[in-house]
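# A closer look at the structure
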Amino acid sequence: MKPAVLVDLNRIGGLDEVGETEAGLAIGALVRHRRVERDPLVARACPLLAEAAAQIGHVAVRNRGTFGGSLAHADPAAELPAAMAALDGEVELRSGRGSRRLRVEEFFRGPFETAVEEGELVVAVHLPRAPDRTGQVWLEVNEKHGHFALVGVAISLTLAEDGTCSEARLAYAGVGPVPWIAAEAVSLLAGKGHGAFQQAAVAAAGGCEPPSDAHGSSSYRRRLVRVLTERALTEAAGRVA
Amino acid sequence: MSVVRLEVNGTPFEREVEPRRTLADFLRDDLGLTGTHLGCEHGVCGSCTVLLDGVSVRSCLLYAVQAAGANVMTVEALAPAEGPLHPLQEAFKRCHGLQCGFCTPGFLITAYELLSERRGATGDEIRRTLSGNLCRCTGYQGIVEAIEFADELWER
């Protein structure tokens with residue numbers, strides 16, 4: 001690729017802010033990963049996002065890498081797309097024609113492919129605040145800190161007073177062309193307690209079709225999905241206040 | 001060509017640069033600050049790490065024009081040419097934190113950012129912070145020990 005013109009977005013004002021909204025949180029496209037990792041607003045409203053951001057690359061990479069950049073790049077093993085899927089976030093796009101918001105399922109089309117059209121720019125993401133009695137976790141396995149996840153799992157788990165699951169969202173990085181949502185595991189968890197965690201993890205592992213590459217085979221990734229899902233569900237339940 | 005004004009190690013500079021000149025090439029070839037080293041030139045090895053407005057960046061992944069108006073700090077700023085070594089450099093020397101020295105500027109700047117923020121970083125935190133810098137000589141153990149030692153040595 002040999003672009004005729006290269007545009008640096010960094011000097012566009014107003015795209016580097018983290019703000020609270022009525023529904024939750026708005027994060028500008030130019031907000032750096034390092035800020036997401038450390039911002040108290042993020043930690044309060046969407047704790048799994050802060051955990052996921054801390055796993056992106058190395059400090060010098062997180063100091064420059066942006067939220068919007070990571071989404072628009074759409075690497076299937078990247079942290080933020082899967083975290084966005086678990087948080088049921090929306091991506092805001094703007095162009096000369098106006099602006100629109102897309103859910104994660106609509107935004108990611110394939111590896112390194114999104115619904116962004118010519119002349120459009122990712123300007124922000126919008127995330128709902130975690131409901132009460134919610135535990136959120138990001139877990140991943142990689143070859144070394146800073147490398148892409150072999151498998152990453154994002155879980156947002158809401159428990160009723162009696163300890164049964166009233167809402168769950170499970171999303172994965174590294175197991176498919178776009179962030180994968182474990183729908184069957186979610187339905188197995190509905191209305192159940194800890195006893196269903198293992199069954200949900202097995203369902204998640206059985207439901208995905210992870211790729212094989214030099215870093216790990218499909219069956220190894222599938223095994224990681226099972227182990228990480230059960231571990232993350234247990235951790236998320238433990239975090240419910 | 002674009003005109004870039006920026007501050008490097010406390011000195012203001014104004015230079016004409018080709019827009020695609022990397023910050024690393026600008027520092028080394030235009031300003032003669034060859035302490036910043038280029039290993040992989042695609043953001044993997046960490047040798048070219050400098051501070052941009054106080055935070056670590058890969059100077060091979062930035063264009064010089066993107067640093068316009070910024071304060072850049074390179075390894076040359078750690079100690080005066082004729083003066084004593086910076087405590088971090090002293091610790092690297094004492095703990096065998098380097099052998100050939102090629103990667104050392106990147107390690108020093110990465111460690112400088114970590115230790116400037118706070119004292120008492122654990123061995124795990126240091127290792128995690130260093131995960132973006134590659135060294136082919138030391139096996140890293142001496143580097144981790146040097147940073148732990150510098151944490152005690154450095155009055156800050």
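Preceding this section is the structure that the text describes.
Presented here is a report on the structure given in the accompanying data block. (Residues numbered from 1 in each chain as written. Chains lettered and ligands numbered in written order. Predicted model: local features only at pLDDT ≥ 70, side-chain atom pairs only at ≥ 80, totals over all residues.)

## Some details on the interface of chain A and chain B
Counting residues at the interface gives twelve residues for chain A, matched by twelve residues for chain B. For the side of chain A that touches chain B, a count of residues per class yields three nonpolar, six polar and three charged. (Contact = placed C-beta atoms within 7 Å. Nonpolar A, V, L, I, M, F, W, Y, C, P; charged D, E, K, R; others polar.)

## Notes on unusual backbone geometry
Residues and elements named next belong to chain B. Even without being glycine, Glu41 reaches a positive phi, approximately 60°. Relative to the helices and strands, Glu41 resides in the loop between helix 1 (23-30) and strand 3 (49-52). Even without being glycine, His96 reaches a positive phi, approximately 55°. Position of His96 relative to the elements: it lies in the loop between helix 2 (87-94) and helix 3 (104-117). Note on His96: 15 C-beta atoms within 10 Å, which makes it partly exposed. (Helix = DSSP H or I, 4+ residues; strand = E, 2+ residues; numbered from the N terminus. Buried ≥ 20, exposed ≤ 12 C-beta atoms within 10 Å, placed from the backbone.)

## A short note on the sheet that holds strand 11 (residues 180-181) of chain A
Residue and element names in this part refer to chain A. Spatially, four strands are ordered 8-9-10-11 in an open sheet, and the strand pairing comes out antiparallel. In this open sheet, the two edge strands, each paired with only one partner strand, are strand 8 (134-141) and strand 11. Bridge analysis of strand 8 against strand 9 (residues 151-159) gives eight bridges, and the strand direction is antiparallel. Across the sheet, residue Thr134 finds its bridge partner in strand 9, namely Thr158. Running at roughly 160° to strand 10 (residues 165-173), helix 6 (residues 79-86) makes contact with strand 8, strand 9, strand 10 and strand 11 of the sheet. (Pairing = 2+ DSSP bridges. Axes fitted to C-alpha atoms, helices over the stretch in contact; angles between N-to-C directions.)

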